[in-house]
Each structure stands twice: as C-alpha cells, then as structure tokens.
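Examining the three-dimensional arrangement
Residues per chain, in single letters:
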Amino acid sequence: MPKANEEGRCWSRRTGLEKKLIIGASVLAAIALILFLIFALQKSCEVAEEECNTKSCVKAAAELLEFVDLKADPCHNFYKFSCGSFFKNAVKKDTPSPWTSTRTLFENEMKGLVVDPIGDRDSNAHVLMKKFYHECMNTTKIEEDGDDTFMDAIDELGGWPLINGTDWDGKDFNWADWYIKAKQLGLPVIGFFHFDKASPGVLRVRGPFLDSEHYYTTTSFKRLMKGISEAFDAPPKTKDYQDVHHLINALYRHRYELDSMFEDDDDEDDDDADDNDDNDDDDADEKENAEEPSTIANLTDICPNVPWLDILNGISGNSSQFDNSSKVHFREEHMLKYCTKLDTLLKDTKPEVIANYYIWSIIHNAHKYMSRDIRGVYEDIDDDDDDRFKTCYKSIDERFEYVKETVYIRRKTFPKVKRDLFEMIEIIKKLFVARLKKCDWMDEKSKAMALKKAESIENLVGADDDLYDVKKFDKILGLDEFNFTSDNLFKMYQEKLVKEDHSFFDKLDDEDDDDWPTFFENAVEVNAFFLLSANVMVIPAPILTSIFYNWKFPASMNYGAMGSTVGHEIMHGFTESSREYLVDGEPVDWWTNATKENYDKKIQCIIDEYESIPFKYRLNGTLTLEENIADFVGADIGYEAYKMWVKKHGVERKLAGVPLTPEQIYWVQTATNFCFRKLDDNDVDFEEEDEHGIPAFRVQGPARHSVHFAEAFNCPLGTFMNPKDKCQIL
C-alpha cells in the first residue's frame with residue numbers, strides 16, 4: 001500500500017482532541033522558533049547599534065570617566081556625580097581645572113604652529129613665519145655672522161662715525177637722504193617723523209616714536225652706548241654719547257607739540273600724557289577740525305626744509321605715489337612749531353651726531369637679531385635673562401602679525417566644523433524664538449521687538465570668509481608675493497621691513513572696512529560670546545577644543561558643552577542689561593515698563609535660591625543674576641536642541657564602558673567645564689565680586705529646574721535635583 005495512504009489512515013485514526021493538540025503544538029513550536037530568531041537578531045542588533053567602540057568613542061568615554069563619579073546619586077548631588085572623579089584626583093595628579101587646561105592647550109597649540117617643522121600644508125605666510133622663527137632661534141648661526149651683515153648695511157648707508165672716527169666723511173651728509181636710504185635698506189631707523197594712516201588716502205604725520213626706557217637718564221644711556229662701542233671694539237667716546245643723548249632728549253621734548261592733538265596715540269606714548277598740559281586751552285578748537293586733511297603742498301609751505309616728496313616717494317617703493325596734492329593730516333600750528341625747532345636743532349647738530357643717532361636707533365630696534373655681545377648689553381641694563389624662545393616668539397607677533405592666529409582659526413574651523421556649529425546655532429535660535437513667543441513676562445510690544453532681534457541674529461564661527469581665502473588674506477597681511485632671498489636672520493629682517501613699508505603705502509587708499517586688531521583680539525578668546533552691538537553669536541576657534549567641542553565626539557557631548565554655551569550667550573542678548581540694541585544704526589529700547597515689572601517678579605526665584613546657598617560668604621544673587629539666568633536658559637534650550645538633532649540624524653549609540661544614556665551624557669557635559677579642584681577655591685574660582693555664580697550652582701541650578709534633567713535621570717519628584725516648584729525664566 002502506498003505510504004501516503006498509510007499516513008492518511010494514521011491521521012484519520014486520531015481523535016479530535018489529539019488532532020487539536022498536535023496542531024497546537026506545531027503552531028507553538030513555529031512561534032517559538034520565530035521568537036527565538038527575532039530575539040537573537042535583536043540582541044545582535046542591540047550590540048551593534050547601542051555601543052560605540054570606535055577610537056573617538058573610546059577617547060570620549062575615557063574623558064567622561066575622568067570626571068564623573070558613578071557611585072554618587074545624580075538626583076541628590078549632580079555636581080558630585082559630574083565632577084566627583086575629578087575632585088578626587090585633580091590635586092593628587094596636579095591636574096588643572098578645565099578652563100585652565102583649555103587655555104593652556106590653546107597656548108601650546110599656538111606655539112606649535114610657530115616652532116614645528118615646515119609641513120606640506122603650510123601656506124606661504126606660514127612658511128615665512130616658521131623660517132624667520134627658526135633662524136631667530138639659531139644663535140650659533142647668528143654668532144657665526146658676527147654682525148657682519150649689519151656692518152655691511154651700515155657701510156652701504158655711509159658708515160658709522162662712532163666706529164670710523166676721523167675716517168668718517170660728513171661733508172656731503174644729508175639727514176633726509178640718509179633716512180631714505182636706511183629705510184630702503186630695511187634698517188629700522190627712527191628718524192624725525194613717523195607716518196601712519198589717518199583715513200583712506202590720507203597720511204598722518206607725527207613726531208618720532210621714541211622709547212624712553214633706555215635713554216631716560218644720561219647714565220643709563222652712557223652705559224648702553226659704552227657697551228655697544230666695546231662690542232664693536234670702538235674706543236669709548238663719552239662726548240659722542242652725550243651729544244646723541246642731547247639730540248634724543250631734544251626730539252623727545254619737541255615731538256609733543258606735534259603729537260599732542262592726536263587722542264589715539266599709541267600705548268607707548270601714554271606715559272607722556274602729563275607733559276601735554278600746555279595744550280589744554282586750545283584742545284576744544286583742535287578737536288573741531290582735527291580730522292580735516294591738508295596737502296603736501298601745504299605741509300611744504302609750513303616745513304620748507306623737509307623734502308617731503310623725496311622722503312615719501314623714497315620710502316614707499318613708488319617714486320610717483322605722492323605729489324603736492326596728496327592728502328596728509330597734521331595740525332598746522334603744532335607742525336610749524338615742531339619744524340621750526342627741528343630746523344634749529346638740525347642746524348646746531350653736527351652731521352656725525354645725527355648719523356650716530358640714526359645708527360643707535362637701528363641697533364636699538366634690531367639688537368635682538370644681532371650677536372650675543374650686543375644682546376648682552378641690553379640684557380645687563382634691563383636686568384633680564386636671555387630667553388631666546390620668548391624673544392623669537394615675540395618677534396613673530398611683531399613681524400608676522402596675525403599669521404599664526406589665522407592658521408589656527410583655519411585649522412580649527414574647517415568646513416565640517418563650521419557646518420555642524422552653524423546647524424547647532426540655527427537649531428538653538430529656532431528654539432529660542434519659540435520660547436520667546438510663549439514668554440509670559442514680556443508684553444506684546446516687547447515680545448514683537450524681541451522676536452525681531454532674535455530672528456536677525458547672525459552667526460560667526462571662527463572668522464568671516466575673507467580669512468579662509470588664503471591668497472586674499474595674505475594680501476591683507478602684506479605677505480602676498482613675498483619670499484626671503486636669504487637665510488641670514490638680519491638680512492631676512494631687512495627684507496621683511498622693506499615689505500612692511502611698501503605694503504603700508506600700497507594699502508593707504510584702501511577702505512578700512514574691517515577692524516582686524518579688534519577682530520583678532522576677540523577671535524583668540526577661549527570663550528564664546530554674544531556681540532550685543534552687532535547682534536552676532538560668536539564662537540571663536542580656541543574654544544573648539546578640549547571639553548567644549550570635538551567634532552569626532554558624540555553630539556550629546558558637543559551639545560552639552562557647546563550647545564548649552566551657545567544658549568547661554570544668546571540669552572545674554574535678551575536680559576535687562578541688553579534691553580537696548582541697534583536698529584538701523586540707532587539704539588532702541590525694546591522693554592516697556594510692564595515688561596520690566598514682570599521680569600523683576602520672574603527672576604526673583606533665581607536671586608532667592610542663589611542667596612540661600614550655605615557658603616563661606618554671603619552670595620550676591622543680584623550681582624550674578626544675568627549669568628545665572630543665562631545658565632538656566634542655556635542648559636535647558638541646549639538639551640532641546642540636542643533632541644532636535646537626534647530627530648534629524650538619528651539616535652546615538654551608547655559609549656562602551658559608560659553606563660549613561662546620551663541624554664544623561666548631555667547633562668554631564670554641561671557640568672564638566674565647571675569642575676574645579678579644591679586648591680583653586682580660595683584664589684581663583686569663588687571671588688565674591690565675580691559676576692558668575694559659584695561652580696556648584698552653575699551646574700546644579702540649571703539642571704534641577706529643568707524637567708528634561710529629571711526625565712533623563714529618573715529623579716523622583718521632590719528630590720533635591722527635581723523640586724516641585726521650578727524656576728524657569730524663558
């Protein structure tokens with residue numbers, strides 16, 4: 001009989017109950033198998049998706065674990081939970097506080113940009129800077145030169161009376177020709193006038209900038225000149241020293257009559273302010289037309305014995321740049337007095353004294369690039385050590401201004417970093433606007449103005465686009481189409497000075513749209529800030545490091561540290577101290593009296609809580625109010641920004657070895673930059689007059705009043721970090 005028939009008869013002989021049990025068992029077995037497969041697949045997916053074991057994640061995990069104390073209860077003491085391990089080990093390991101570490105890291109990175117060997121990705125300006133630094137540090141090579149390069153330049157200039165003695169021929173000496181030739185040779189001569197830019201196309205004429213440090217007293221100057229003479233094996237000539245010192249002192253006195261009207265004199269002139277009292281009577285009249293430009297023709301009428309066109313065209317590198325109609329800025333009355341006295345002084349001064357003054361000024365400005373014998377003379381008088389690194393590093397700031405800062409900004413804020421941070425700021429701005437719309441302490445008029453202000457906030461990460469255009473910015477820095485022709489330090493110095501002079505005059509007509517000194521002062525701040533006057537959110541490059549930001553780290557960490565900081569800074573633009581802002585160039589007060597009254601009631605909870613904290617002195621909740629408000633809003637809005645990021649980019653994997661969710665990591669990162677070691681408590685971090693709150697409050701205050709924190713750590717209602725009544729400002 002066929003097998004199929006046998007199986008059919010077997011099934012037919014089963015009772016109904018047996019048939020049901022067999023079918024049920026088969027179904028259950030199939031379901032069990034399916035569930036097993038699903039479970040197995042899910043577990044494998046969880047391992048793959050929930051933990052991140054990349055090199056960057058391992059580094060991020062290690063950094064977190066250096067701070068957190070996982071044994072502490074985050075719902076009871078979040079400051080200890082976030083910083084406990086740091087507290088335990090910082091003093092023992094001599095680990096500085098995070099802010100100090102970040103600043104030190106920035107300083108070391110900047111030094112590295114100067115001292116590191118030349119690399120393939122270095123721009124031309126960067127290469128030039130490094131070459132100059134490395135030759136500056138090569139003291140062996142400097143000693144081998146033995147100041148021969150300097151003396152060759154002096155011989156080409158016309159010799160040095162102090163050294164040449166009776167062999168120096170001064171019958172054909174002309175002070176203007178000497179000055180022009182010295183500038184053309186790239187020698188840092190001081191001369192009798194100084195030129196800078198008054199406004200686009202207008203040259204300002206000033207008296208010579210004289211550093212009083214080394215000639216304030218006759219004794220000091222004699223020591224200096226005697227030491228220099230001995231270094232060049234010249235016999236000491238006290239009379240020559242006295243004559244040069246007399247000339248310098250006369251110039252030092254007379255120049256005030258020329259410079260006193262300029263309110264923006266350089267810092268080096270600040271100590272001379274007391275000598276300007278004679279001019280107080282006519283200050284008001286001078287201020288009225290102090291910026292009125294004149295012409296070289298008029299300047300020549302006032303100072304006929306100064307060959308202005310020869311000097312300016314000679315040192316500018318352009319023999320036809322200036323003519324009698326060229327604009328200059330000076331005060332006629334003062335210029336007349338100065339030139340009259342200068343004429344007398346030059347007529348009464350022997351040519352060799354003027355030549356010695358010129359060469360002394362060159363040595364004074366260039367001695368750090370000369371032999372050990374010359375440098376030693378200045379060190380003995382200054383009572384200072386020969387720290388060659390400090391000397392050469394400072395020289396980089398003088399000769400290659402803003403180059404290392406520019407390189408640093410470019411490298412820290414490359415396109416991906418800028419994109420990520422712009423996205424972060426835009427998310428936070430969007431959330432901020434949403435909160436403003438719901439704000440219950442602003443009336444409708446104030447709210448409308450606040451929304452207009454918020455929506456017009458601009459972002460700046462690192463710098464404007466100009467700085468990232470290497471060729472364009474090299475031109476701005478005056479380093480375009482420039483290369484050294486020698487590896488001799490003094491010769492390199494000469495070539496650089498010639499380039500600086502030519503660049504200055506080449507750009508005299510340019511519109512000064514950008515205030516680069518102010519920009520770079522802010523651009524290298526280890527901080528983020530909100531520029532109230534311009535309504536701009538600024539993230540400088542130096543803060544994009546260490547605990548604040550790492551583009552390779554999880555977004556939870558970056559939003560916790562940098563996102564909360566951005567929220568903090570934007571909030572500064574909407575507190576009482578910022579109630580005026582510019583609209584079409586005019587200050588506008590966007591607060592009404594009703595808004596002010598409501599605001600005062602709203603913020604009282606922060607003042608009360610801060611002043612109720614037991615501490616070694618009475619805490620001032622009013623002094624720290626605006627910083628505390630910014631902390632509260634910044635941390636809360638930064639968290640919401642992170643959650644919006646997650647919606648767009650997906651849930652982040654957990655860090656291997658860190659038993660914290662990404663949401664919990666966010667809150668930890670809002671705290672780590674406020675971790676301070678106990679040794680710092682009394683002298684650094686808790687000064688009563690500081691407008692910032694004490695670190696523990698800056699960490700716990702924003703967190704305990706945020707519903708997001710309580711949810712992230714499952715803190716029961718009524719615990720310290722999840723109070724029933726929450727103080728929320730925006």
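Please refer to the structure placed before this passage.
Residues numbered from 1 in each chain as written. Predicted model: local features only at pLDDT ≥ 70, side-chain atom pairs only at ≥ 80, totals over all residues. Heavy atoms only, no water.

What about the state of the cysteines?
In a disulfide, the sulfur atoms of two cysteines are held together by a covalent bond. Selection criterion: Put simply, a disulfide is two cysteine sulfurs that come within 2.5 Å. Helix and strand assignments follow DSSP, with helices taken as H or I runs no shorter than four residues and strands as E runs no shorter than two, numbered in order from the N terminus. Accessibility here uses a 1.4 Å probe with only protein chains present; expressed as a share of the type maximum, an area under 20% marks a residue as buried, one over 50% as exposed, and anything in between as partly exposed.
Using the criterion set out here, one finds 6 disulfides in the structure. Each sulfur of the disulfide joining Cys83 and Cys675 lies 1.9 Å from the other. Because the sign of the S-S torsion sets the handedness, a value of about -75° for the bond joining Cys83 and Cys675 places this disulfide among the left-handed ones. Here Cys83 is found in helix H4 (residues 78–89), whereas its partner Cys675 is found in the loop between helix H31 (662–671) and helix H32 (681–685), with 592 residues between them in sequence. Neither residue differs from the other here; Cys83 and Cys675 are each classed as buried. Here Cys136 is linked by a disulfide to Cys392, with a sulfur-sulfur distance of 2.1 Å. Judged by the torsion about the S-S bond (-85°), the Cys136/Cys392 disulfide is left-handed. Placement of the pair is Cys136 in helix H6 (residues 124–137) and Cys392 in helix H19 (residues 388–399), with a sequence separation of 256 residues.

A few points about the layout of surface pockets
The gaps left among the atoms become clear once a water-sized probe is rolled over them. Note the following rule: Points on a 1 Å grid over protein atoms alone make up a cavity when a 1.4 Å probe fits among them but cannot get out, and a pocket when they form an open set with protein on both sides within 12 Å along at least five of seven lines; lining residues each have an atom within 4 Å of a point. Grid points are joined across faces, edges and corners, and a volume is the space filled by probe spheres set on the points.
Of the voids in this model, the second largest pocket is the one considered here, and its volume is about 880 Å³. For the second largest pocket, the lining is made up of 42 residues, of which Trp99, Asn527, Phe674, His692 and Arg698 are closest to its centre. Elements that contribute at least two residues to the lining of the second largest pocket include exactly helix H5 (98–115), strand S7 (529–531), helix H27 (555–571), helix H30 (625–649), H31, H32 and helix H33 (695–704). Per element, the largest residue contribution to the lining of the second largest pocket is 6 residues, and it comes from H30.

Topic: the pattern of salt bridges
Spelled out, the test is: Note on definitions: salt bridges are taken to be side-chain nitrogens of Lys or Arg within 4 Å of carboxyl oxygens of Asp or Glu.
Counted according to the given criterion, the structure contains 33 salt bridges. If you follow the salt bridges from partner to partner, you end up with Asp122, Lys130 and Arg411 in one network.

Here we look at the sheet that holds strand S8 (residues 536–539)
Note the following rule: For two strands to count as paired, DSSP must find a minimum of two bridges between them. Axis lines are fitted to C-alpha atoms, over the contacting stretch for helices. Their N-to-C directions set the angle, which ranges from 0 to 180 degrees. Contacts are assigned to residue pairs that have any heavy atoms within 4.5 Å of one another.
Read from one edge of the open sheet, 3 strands run S6-S8-S7, paired in mixed fashion. Only two strands of the sheet have a single partner each, and these edge strands are strand S6 (458–461) and S7. Averaged over all adjacent pairs, the angle separating strand axes in this sheet is 25°, with direction ignored. Note that S7 and S8 share 3 bridges and pair antiparallel. Counted as the bridge partner of Phe530 is Met537 from S8. Against the sheet, helix H21 (residues 415–438) makes contact with S6 and S8, and its axis sits at roughly 150° relative to S6, the strand it touches most.

Let's talk about the nonpolar core
Nonpolar side chains tend toward joint burial in soluble globular proteins. What counts is decided by this rule: Residues enter a nonpolar core if they are buried and are Ala, Val, Leu, Ile, Met, Phe, Trp, Tyr or Cys, with the set joined through side-chain atoms within 4.5 Å.
Counting 212 residues, the largest nonpolar core has Phe78, Phe150, Trp175, Phe192, Phe193 and Tyr357 as its most contacted members. If one sorts the elements of this core by residue count, H30 sits on top with 12 residues.

Section: helix H11 (residues 218–231)
What counts, and what does not: Expected helix span is computed as 1.5 Å times (number of residues minus one).
Taking 1.5 Å of rise per residue, the 14 residues of H11 would be expected to cover 20 Å, and the 20 Å separating its terminal C-alpha atoms lies within 8% of that figure. Buried within H11 we find Ser220, Phe221, Leu224, Met225, Gly227, Ile228 and Ser229. One or two positions beyond H11, positive phi appears at Asp233, with a value near 60°.

Re the sheet that holds strand S5 (residues 327–329)
Within the open sheet, the 4 strands sit side by side as S2-S3-S5-S4. Their pairing is mixed. This sheet does not close on itself; its edge strands, each paired only once, are strand S2 (194–199) and strand S4 (294–295). For S2 and strand S3 (residues 202–206), the ladder comprises 5 bridges, and the chain directions are antiparallel. Residue Ser199 lies in a different strand from S3, and its bridge partner there is Val202.

Brief notes about a negative patch on the surface
To keep things clear, this is the line we draw: Only residues above 30% relative accessible area that lack a salt bridge enter a patch, with like-charged residues linked at up to 9 Å and the nonpolar side chains Val, Leu, Ile, Met, Phe, Trp and Tyr linked at up to 5 Å. Note on areas: Shrake-Rupley, 1.4 Å probe, and residue coverage restricted to the protein chains presented here. All tallies of charge rest on Lys and Arg as positive and Asp and Glu as negative; His and the ends of each chain are not included. Throughout, a charge is located at the NZ atom of Lys, the CZ atom of Arg, the CG atom of Asp or the CD atom of Glu.
A cluster of like negative charges, contributed by Asp380, Asp382, Asp383, Asp385 and Asp387, occupies part of the molecular surface. Note on Asp387: relative accessible area 32%, which makes it partly exposed.

Some thoughts on the packing of aromatic side chains
Applicable threshold: Here a Phe, Tyr or Trp ring, Trp counted by its six-membered ring, pairs with any other such ring whose centre lies within 6.5 Å, and the pair is stacked when the planes are under 30 degrees apart, edge-to-face when over 60, and tilted otherwise.
Tallied over the full model, the rule gives 57 aromatic pairs. Judged by centre distance (5.5 Å) and plane angle (80°), the rings of Trp175 and Phe192 are edge-to-face. A residue pair is termed long-range when its members are at least 10 positions apart, and Trp175 in helix H10 (residues 175–184) and Phe192 in the loop between H10 and S2 qualify at 17 residues. Taking the relative accessible area as the measure of exposure, Trp175 reaches 15% and is therefore buried. Judged by relative accessible area, Phe192 falls into the buried class, the value being 2%.

What to know about unusual backbone geometry
A positive phi angle is found at Asp233, which is not glycine, with a value near 60°. Residue placement: Asp233 occurs in the loop between H11 and helix H12 (238–259). The exposure class of Asp233 is exposed, given its relative accessible area of 73%. Residue Asn535 is not a glycine yet carries a positive backbone phi of 60°. Counting through the fold element by element, Asn535 comes out in the loop between S7 and S8.

Thoughts on the packing of helix H8 (residues 148–157) against helix H17 (residues 351–366)
As a reminder of what qualifies: Roughly parallel means an angle under 35 degrees; roughly antiparallel, over 145; roughly perpendicular, 65 to 115; everything else is oblique. It is the rotation of the near helix from the far one that decides the hand of a crossing: anticlockwise by less than a right angle makes it left-handed, clockwise makes it right-handed. In the scheme used here, Gly and all other residues not listed as nonpolar or charged are polar, with Ala, Val, Leu, Ile, Met, Phe, Trp, Tyr, Cys and Pro taken as nonpolar and Asp, Glu, Lys and Arg as charged.
It is at 12 Å that the axes of H8 and H17 come closest, and there the two elements cross at 155°. Taken together, H8 and H17 sit at an angle that is classed as roughly antiparallel. For the crossing formed where H8 meets H17, the hand is right-handed. In this structure, H8 uses Phe150, Ile154 and Leu157 to contact H17, whose residues at the interface are Ile359, Ile362 and Ile363. Classifying every residue of the contact of H8 with H17 by side-chain character gives 6 nonpolar, no polar and no charged.

Digging into the side chain of His708
Mapping His708 onto the fold places it in helix H34 (residues 707–713). Beyond its immediate stretch of four places on either side in the chain, His708 contacts Asp636, Tyr639, Glu640 and Trp667.

Side note on helix H3 (residues 55–65)
What counts is decided by this rule: Comment: arc refers to directions from the helix axis out to C-beta atoms.
Along H3, the residues classified as buried are Cys57, Ala60, Ala61, Glu63 and Leu64. The buried residues of H3 occupy an angular sector of 160° when the element is viewed end-on, so they sit on one face. With respect to the buried face of H3, the exposed residues turned more than 90 degrees away are Lys55 and Lys59. In this structure, the buried residues of H3 make contact with strand S1 (51–52), H27, strand S11 (654–655) and H31.

By themselves, these observations are geometric and do not establish any function.
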